[in-house]
Amino acid sequence: MDMEVNWMPVALQEGHEAIERGEVPIGCVYVSSDGIELARGSNRCNEMRDGTRHAELVAYEQMVLRMGTARVREEFSRGVDLYVTCEPCIMCCAALALLKVRHVVFGCKNEKFGGCGSVRAIHESRSTRIPGIVSVKGGVFAEEAIEMLQKFYTQENLNAPEPKKKRQRTLHT
């Protein structure tokens, strides 16, 4: 429990910073088995115009750039935990399982895309055959994570792309 109290506020702060940049407020932090912060990140999908720039992947990339691949592999072999404000999506869960993240602790559920049980339980699925995630715990600081998402979705998203206008189709007979 102490680790959750220490690290979820860091993830929440990353989420708040994402809101300031016009991003969906998902923040995360990777923590070593020794309890040391390895990397933190938040969504950058709008900023980078890339739907794969989720917080978990952004933070992992920063960790590799800062520490190097060999040292990151060493850390993950000893055990790395992830604290994230919202349940990772299926894509991110698959990546986390492949990385062999030890524990995933998240705030609120992701009812549309959640890969830790809401839509699919990647860490428990025999069909995916991805060894990895040992445990998942949700609902940690969930109210704060939900409030952050509500704040984002009630404001206008100025970074959203303009919707394409539909053109009239004519039937050829």
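Residues numbered from 1 in each chain as written. Predicted model: local features only at pLDDT ≥ 70, side-chain atom pairs only at ≥ 80, totals over all residues. Heavy atoms only, no water.

An unreviewed UniProt entry lists the protein under the name CMP/dCMP-type deaminase domain-containing protein, with Rhodosorus marinus given as the organism.

A short note on the side chain of E75
Tracing the chain through its elements places E75 in helix 4 (residues 69–78). In this structure, E75 is in contact with S32, L38, M67 and V80, ignoring residues within four places of it in sequence. (Helix = DSSP H or I, 4+ residues; strand = E, 2+ residues; numbered from the N terminus. Contact = heavy atoms within 4.5 Å.)

Some words on the pattern of salt bridges
Opposite charge on two side chains makes pairing possible when the charged atoms of those side chains draw close. Counting across every chain of the model gives eight salt bridges. A salt bridge links R40 to E37; its shortest N-O distance comes to 2.8 Å. A salt bridge links D81 to R102, with the shortest nitrogen-to-oxygen separation between them at 2.9 Å. Note that D81 is positioned in strand 3 (residues 80–86) and R102 in the loop between helix 5 (90–99) and strand 4 (103–108), a separation of 21 residues in sequence. R102 gets classed as partly exposed once you look at its relative accessible area, which sits at 25%. Within the structure, one salt-bridge network assembled from shared partners comprises R21, R44 and E47. (Salt bridge = Lys/Arg side-chain N within 4 Å of Asp/Glu carboxyl O. Buried < 20%, exposed > 50% of the residue type's maximum accessible area, 1.4 Å probe, protein only.)

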